[in-house]
Amino acid sequence: MRVGVIVFPGSNCDHDCAHVLREVFKAEAALVWHKETSLRGYDAVILPGGFSYGDYLRAGAIARFSPVMRAVEGFAREGGLVLGICNGFQTLLEARLLPGAMVRNRSLQFICEDVHLRLENATTAFTRAGQPGRVYRMPIAHAEGCYIADPVTLRTLEDTGQVVFRYCTPEGEVTEAANPNGSLGNIAGVCSRAGNVLGMMPHPERCAEVVLGNEDGRLIFESLLGRLAATSVAGVTARR
Amino acid sequence: MGDPPITKALIEAHGLTGEEYARILALLGREPTYTELGIFSVMWSEHCSYKSSRVHLRRLPSSGPHVVQGPGENAGVVDIGDGLVAVFKMESHNHPSFIEPYQGAATGVGGILRDIFTMGARPIACLDSLRFGDPALPRTRYLVRGVVAGIAGYGNCMGIPTVGGECSFHECYNGNILVNVFCVGVAPRDRVFLGRAAGVGNPVIYVGSRTGRDGIHGATMASEEFDAGEEGPRTTVQVGDPFTEKLLLEACLELMSTDCLVGIQDMGAAGLTSSSVEMAGRGSVGVELDLDQVPLREPGMSPYEIMLSESQERMLLVARAGREAEVEAIFRKWDLQVAVVGRVIAEPLLRVRHGGAVVAEVAIDPLTRGAPSYERPAARPAYLERVARLSAAEVALPGDLGGTLLMLLGSPNLADKRWVFRQYDHMVGTNTVVLPGADAALLRVKGTRRGLALAVDGNHRFCYLDPRRGAALAVAEAARNVVCLGAKPLGVTDCLNFGSPENPEIMWQFSEVVDGIAEGCRELGLPVVSGNVSFYNETSGVPIYPTPTIAVLGLLEDVSGHAARGFCQEGDPVLLLGETREELGGSEYLKAVHGLEAGGPPRLAWDLERAVQQTCREALARGLVRPAHDCAEGGLGVALAECTFGSGLGARVRLTEGIRPDALLFGESASRIVLSVPEAHAGEVEALARVQGAPCQAIGRVGGDRLVIEGLVDVPVSACREAWARGLERQVLHV
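Residues numbered from 1 in each chain as written. Chains lettered and ligands numbered in written order. Predicted model: local features only at pLDDT ≥ 70, side-chain atom pairs only at ≥ 80, totals over all residues. Heavy atoms only, no water.

**Student:** Hey, could you run me through the overall build of chain B in this one?
**Tutor:** On a plain count of helices and strands, chain B comes out with 25 helices and 28 strands. In terms of overall size, chain B behaves like a compact globule, its C-alpha atoms giving a radius of gyration of 26 Å where 735 residues would be expected to give roughly 27 Å. Each of the three principal axes of chain B carries a C-alpha extent, and together these read 85 × 55 × 45 Å. Taken over 735 residues, chain B has a buried fraction of 66%. Across chain B, contacts joining residues at least 24 apart in sequence account for 84% of those joining residues at least 6 apart. When the accessible surface of chain B is totalled, it reaches about 23400 Å², and 50% of it is carbon and sulfur. (Helix = DSSP H or I, 4+ residues; strand = E, 2+ residues; numbered from the N terminus. Rg over C-alpha atoms; globule rule 2.2 N^0.38 Å. Buried < 20%, exposed > 50% of the residue type's maximum accessible area, 1.4 Å probe, protein only. Contact = heavy atoms within 4.5 Å. Areas by Shrake-Rupley, 256 points an atom, 1.4 Å probe, with all protein chains shown as cover.)

Listed below in structure tokens is the structure:
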């Protein structure tokens, strides 16, 4: 069981993700340089946060052309698990692996703070350890996190359960005041139709340790690693 | 395009005095070339040579059991155990930030980050101390927005969290704001790199961005005062590229994991000139540079421009001969420029070639150790007599002390700085245990149980009224803030911000401040391991208040269980360590409510300070108390209100000192800490304080949703919070 964390030039949450996987969950994690062209040997891939290519032009707009993205597309198409966090989410949108787009926060400022999220879909590989409707607290840190999509796409996302997280009040109400960046439908995270690709703006890797005072982010890693453990056992059985 | 002839006007334009120029003639035995004139000009500028401050800075204590590297390198280094060291420094970027706030502040962050990773340490946090002018001025708002966005733009992109600092306002900064940036990194103790050239024949390698025409004479600009109405020489401000710096950081750290590297230094102020000269000087060797090899942004740059450019995101390094290809491969991988631009030579001189000709040849020593050093005249400023007097009769007691408390909480200097901090990524790196806004920031050190506590402090009013005591108070407060998280202070870095050193009154302030810092550091056993001096912070002859900014780094043995803060349990006794005296001099209250800046700053008794700090640290280490809170600007009233913000729990308190109620509530007596303690432990804490010799009074209990100070104040916690939370927006940003 091996998770690849992609390193684009300018990624800066790559080490944080690897730290959580290795030190908190004792999982095997490897940093994958963006010029790699194959993801053979990885069971899941994380596109971490940061400022790939400085976010010059538009967040994620240049990273999507990195050589490794062809491999990520292939990996996702074959049903591989792909998680994009913050800049990684932006890159997945630019690569059209997820629907919609990001624009600047409505305050036009970078925002770093804890927000509350309501889990809308607990059936994905990344959220299966959670309970639908439960409120999680996680930090955001972005300047371009206002999620937008055309009305048809939004309708489809809602109808097919692709909205995974929504910004909400601590009590779980989805309100305008609880929306930090102006995202349509308070959307904080969406998954692909097949559910194997998740993009989310909040940073679960920043809240997965008791020493940091918040462990709500464990949800994502527990779900993901649990799923990988289950499939690898199944795989071994099948091969036998 | 030929070089201009060396005329009197040209010499003056380079900021060199007649005497200094005569010395150049004597050193060279001939007229300097234009390039040499430029080299002398920047190396002998105040910014690079510390010519007015060097004789004074020697008085600062700089050694101690934890010190691995003291002043003189790119940053200071202290041992934090587990085979690791903390590398830290603070630097000012005042002049550029006033001229062009976004880029000025951004490149200030970029510069200090390079100072840290050039030593082999991965930066783990920045803090900044910001001072702006009168909040009522539109320009202040423009500068606040620009500076904060610049710090955020650079630090966030680099992925280095900005975890704390201070931000305050005073009209003395109307024409000269202060942007002081602190950075700390962590490295293995045996992998610290120095800015030292060595090994004759070793290649001198240029890495990073290309060299352009930006920032030429930035160091000289930072060594002059501004004139009124002058928009300033905007072209001397560099433009930052944090993405390239991020690549440079990763590439340098990758290089440092090999054994190719001999020495490395960032090209900061005075660019290629200072980096090559300083590296040669520290290694007692020489350097020969071939400017034709330097990667340029545009053709046709003169040797003068190449040597003086302050283009950002560049480093100069010396590698082992024969390992050039390995170095090149690493920097190419990260899409950076890399070029062998010279060699280490035995003769201790800087020789610069361009187009095949030698365009400069100067001995190293006169540019470094032998640079001019002045013991400038100092005279006690006349204003001190005038401001020393403060008669209690002049200060009318406010009728509504609760209202006064709310007003103070919402005043620009005391109000919540969340608007600032939320624009900084303060969590990236996943080490931030205590978030911005507390007495000090706290970071865990990965791979260990330890934590680093960081505080930046300074009080310009105290230093204006009494520079020596003001500086000593800043050292005490910064150390106390670190102690409030349970950490043991290990070392200090400072930024000393002043007006023109050519004014004897400013020089007197400077000398006094150095003595005050030296006293504080000696009394608390703290070495000053790095620092920076910024003179010429004045406009049209009006200087800023003397403003030393003190940063203290503390070490916490066990970082777990420190995330909470403030009052957190109903019924907990509230204890006050230290004494409240009738001291209103220099207080925020006196300025904000009465418009007075007078009297002496609070007294400082080192026995008391040590006893209070020791008690607090010991009580935290034994797990007896909840997170502590320093009592500083705004006094006890404000400190108690601040303790309610985390949980919303109020308190009922009774203060029995027989002094003026406003001094009791808002006076800023030093050496005080507010503690809340589980009932069962209160006696033990009091006993501990007795042993240490620290006054300790039980002043009340946590509980309810009001802050009640019997007979004086009775306000809802929610009102305190509202005033505090909205203050900055109401008074400064007007949104």
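**Student:** How do you make sense of the overall build of chain A when you look at a structure like this?
**Tutor:** If you tally the helices and strands in chain A, you get five helices and eleven strands. When the backbone C-alpha atoms are referred to their principal axes, chain A occupies close to 55 × 40 × 40 Å. Within chain A, the fraction of its 240 residues that count as buried is 63%. Of the side chains in chain A, 24 bear a positive and 25 a negative charge, and the two mean positions are spaced by 7 Å. (Lys, Arg positive; Asp, Glu negative; His and termini not counted. Charge placed at Lys NZ, Arg CZ, Asp CG, Glu CD.)

**Student:** Help me understand the interface of chain B and chain A in this model?
**Tutor:** A common way to express how large an interface is: the accessible area buried when the components associate. Taken together, the contact pairs 34 residues of chain B with 28 residues of chain A. In this assembly, chain B packs against chain A so that about 2500 Å² is buried in total across both faces, 58% of it on carbon and sulfur atoms. For the pair chain B and chain A, the interface holds five salt bridges. With a shortest N-O distance of 2.7 Å, Arg444 of chain B and Glu209 of chain A are connected by a salt bridge. Taken together, the links from chain B to chain A amount to twelve residue pairs in polar contact (both at pLDDT 80 or more). Counting only elements with at least two residues in the side of chain B that touches chain A, the list comes to helix H8 (138–158), helix H10 (242–256), helix H16 (418–421) and strand E14 (432–434) of chain B. The leading source of residues in the side of chain B that touches chain A is H10 of chain B, at five residues. Looking at the side of chain B that touches chain A residue by residue, the class counts come to 13 nonpolar, nine polar and twelve charged. (Buried area = accessible area lost by both parts, 1.4 Å probe. Salt bridge = Lys/Arg side-chain N within 4 Å of Asp/Glu carboxyl O. Polar contact = N/O pair within 3.5 Å; in protein donor to acceptor, adjacent residues only side chain to side chain. Nonpolar A, V, L, I, M, F, W, Y, C, P; charged D, E, K, R; others polar.)

**Student:** Can you walk me through the side chain of Arg131 of chain B in this structure?
**Tutor:** All names here are of chain B. By the element assignment, Arg131 lies in strand E4 (residues 122–132). Owing to a relative accessible area of 1%, Arg131 belongs among the buried residues under this scheme. A polar contact of 2.9 Å, which involves the side chain of Arg131, links it to the backbone oxygen of Gly458. Every residue in contact with Arg131, bar those within four places of it in the chain, is listed here: Glu166, Ser168, Tyr173, Ile177, Leu178, Gly458, Asn459, His460, Thr547 and Thr549.

**Student:** I'm lost on the sheet that holds strand E27 (residues 706–709) of chain B in this one. Help?
**Tutor:** Note on sheets: strands pair through backbone hydrogen bonds, and any given pair is parallel or antiparallel. All names here are of chain B. Pairing in this open sheet of seven strands is mixed, and the strands run E23-E25-E22-E26-E24-E27-E28 from one edge to the other. Because the sheet does not close on itself, it has two edges, and the strands there are strand E23 (629–630) and strand E28 (713–716). On top of the sheet, helix H24 (residues 682–692) reaches strand E22 (573–577), strand E25 (673–676) and strand E26 (696–702); it is set at about 5° to E22, its chief contact. (Pairing = 2+ DSSP bridges. Axes fitted to C-alpha atoms, helices over the stretch in contact; angles between N-to-C directions.)

**Student:** Mind showing me how you'd approach the environment of Val5 of chain A here?
**Tutor:** Mapped onto the elements of the fold, Val5 of chain A is located in strand E1 (residues 2–7). When residues no more than four places from it in sequence are discounted, the contact partners of Val5 of chain A are Asp14, Cys17, Ala18, Leu21, Ala30, Leu31, Val32, Ile46 and Pro48 of chain A.

**Student:** So what exactly am I meant to see when it comes to the packing of helix H18 (residues 467–483) of chain B against helix H21 (residues 606–621) of chain B here?
**Tutor:** Pairs of packed helices are described in terms of their axes, by the angle between the two and the distance that separates them. Residues and elements named next belong to chain B. At a minimum axis separation of 9 Å, H18 and H21 run at an interaxial angle of 10°. The orientation of H18 relative to H21 falls into the category roughly parallel. For H18 against H21, the interelement crossing comes out left-handed. Taken together, the residues of H21 that come into contact with H18 (itself represented by Ala472, Ala476, Ala479, Arg480 and Val483) are Trp606, Glu609, Gln613, Cys616, Arg617 and Leu620. (Parallel < 35°, antiparallel > 145°, perpendicular 65-115°, else oblique. Left-handed = near helix turned anticlockwise from the far one by under 90°.)

**Student:** Just to check I follow, could you spell out the confidence of the model for chain B for this structure?
**Tutor:** Any residue range with low pLDDT should be treated as having predicted coordinates unsuitable for detailed reading. The share of residues in chain B with pLDDT of 70 or more is 97%, and the mean pLDDT across the chain is 94. Across the predicted assembly, pTM comes out at 0.94 and ipTM at 0.95. (pLDDT = per-residue confidence, 0-100.)

**Student:** Is there a simple way to explain helix H7 (residues 101–117) of chain B in this structure?
**Tutor:** An α-helix turns once per 3.6 residues; consequently, residues spaced three or four apart project the same way. Given a rise of 1.5 Å per residue, 17 residues ought to cover 24 Å, and the 25 Å separating the end C-alpha atoms of H7 of chain B matches this to within 8%. Among the 17 residues of H7 of chain B, 16 are classified as buried, and the element is accordingly described as predominantly covered. (Expected span 1.5 Å × (residues − 1).)

**Student:** Looking at this model, I keep getting lost on the nonpolar core. Mind explaining?
**Tutor:** Considering soluble globular proteins, one finds that nonpolar side chains tend to be buried as a cluster. If you look at the biggest cluster of nonpolar residues, it comprises 141 residues, and the most contacted ones within it are Leu39 and Tyr147 of chain A together with Leu317 and Phe331 of chain B. For this core, the element with the most residues is H10 of chain B, which contributes nine residues. Ignoring anything within four residues of it in the chain, the contact list for Leu39 of chain A reads Ile6, Val32, Val45, Val68, Ala71, Val72 and Phe75 of chain A. (Core = buried A, V, L, I, M, F, W, Y, C linked by side-chain atoms within 4.5 Å.)

**Student:** Could you clarify how one ought to interpret the environment of Val702 of chain B in this entry?
**Tutor:** All names here are of chain B. Along the chain, Val702 falls in strand E26. The spatial distance from the C-alpha of Val702 to the C-alpha of Phe567 is 6.6 Å, given a sequence separation of 135 residues. Look past the residues within four positions of Val702 in its chain and what remains in contact with it is Phe567, Gln569, Glu570, Gly571, Asp572, Val574, Leu649, Gly650, Ala651 and Ser676.

**Student:** Just checking my understanding: could you explain the confidence of the model for chain A for this structure?
**Tutor:** Considering every residue of chain A, the mean pLDDT works out to 95; 97% of them sit at 70 or more. A low-confidence stretch, residues 236–240 of chain A (pLDDT under 50), is modelled with zero contacts involving residues beyond four sequence positions or located in other chains.

**Student:** It is not clear to me how unusual backbone geometry should be interpreted in this structure. Could you clarify?
**Tutor:** Across the chain, the bulk of peptide bonds are trans and the bulk of non-glycine residues have phi less than zero. All names here are of chain B. Residues other than glycine seldom take positive phi values, yet Ser284 does so here, at roughly 50°. Turning to its location among the elements, Ser284 is positioned in the loop between helix H11 (271–283) and strand E9 (286–290). A relative accessible area of 54% means that Ser284 is categorised as exposed. Its identity is not glycine, yet Glu313 carries a phi of approximately 60°, on the positive side. Counting through the fold element by element, Glu313 comes out in the loop between helix H12 (303–308) and strand E10 (314–319). The class of Glu313 is buried, set by a relative accessible area of 2%.

**Student:** Would you mind showing me how to read the sheet that holds E9 of chain B here?
**Tutor:** Residue and element names in this part refer to chain B. Strand order in the open sheet formed by seven strands is E8-E10-E7-E11-E9-E12-E13, and the pairing between neighbours is mixed. Sheet topology places strand E8 (261–266) and strand E13 (357–363) at the edges, where each strand pairs with a single neighbour. Mean inter-strand twist for the sheet, computed between neighbouring axes without regard to direction, equals 25°. Sheet topology note: the E8/E10 ladder contains five bridges and is antiparallel. Bridge assignment links Leu261 to a residue of E10, and that residue is Ala319.

**Student:** Just to check I follow, could you spell out the pairing of strand E21 (residues 547–556) of chain B for this structure?
**Tutor:** Within a regular strand, the side chains alternate between the two sheet faces. Residue and element names in this part refer to chain B. Among the ten residues of E21, ten are classified as buried, and the element is accordingly described as predominantly covered. Residues of E21 alternate between two faces, with Thr547, Thr549, Ala551, Leu553 and Leu555 on one and Pro548, Ile550, Val552, Gly554 and Leu556 on the opposite face, all of them buried. Where strand E16 (residues 451–457) meets E21, seven bridges bridge the pair, whose relative direction is antiparallel. By the bridge assignment for E21, Gly451 is matched with Leu556.

**Student:** Explain the pattern of salt bridges here, please?
**Tutor:** Residue and element names in this part refer to chain B. In total, this model carries 70 salt bridges over all chains according to the counting rule given. Between Lys51 and Glu20 there is a salt bridge, with its nearest N and O atoms 3.1 Å apart. Separated by 31 residues along the polypeptide, Lys51 in the loop between helix H4 (46–49) and helix H5 (54–57) and Glu20 in helix H2 (residues 18–28) bring together distant segments of the chain. Here Glu20 falls in the buried class, since its relative accessible area comes to 2%. When the shortest N-O distance is used, the salt bridge between Glu254 and Lys333 registers 3.2 Å. In this pair, Glu254 sits in helix H10 while Lys333 sits in helix H13 (residues 324–333), placing the two residues 79 residues apart along the sequence.

**Student:** How do you make sense of the environment of Ala122 of chain A when you look at a structure like this?
**Tutor:** Residues and elements named next belong to chain A. Within the fold, Ala122 resides in the loop between strand E6 (111–119) and strand E7 (135–142). In this structure Ala122 comes out as buried when scored by relative accessible area, which is 16%. Expressed as a C-alpha distance, the spacing of Ala122 and Ser232, which sit 110 residues apart in the sequence, is 21 Å. The residues contacting Ala122, other than those within four sequence positions of it, are Thr127, Arg128, Gly130, Gln131 and Pro132.

**Student:** What exactly am I supposed to notice about the packing of helix H3 (residues 34–43) of chain B against H11 of chain B here?
**Tutor:** Residue and element names in this part refer to chain B. Closest axis-to-axis distance for the H3/H11 pair is 10 Å, and the angle between their directions is 75°. When the axes of H3 and H11 are compared, the pair comes out roughly perpendicular. Residues Ile39, Val42 and Met43 of H3 form the contact with H11, whose own contacting residues are Thr273, Ser274, Val277 and Glu278. Grouping the constituent residues of the contact of H3 with H11 by class yields four nonpolar, two polar and one charged.

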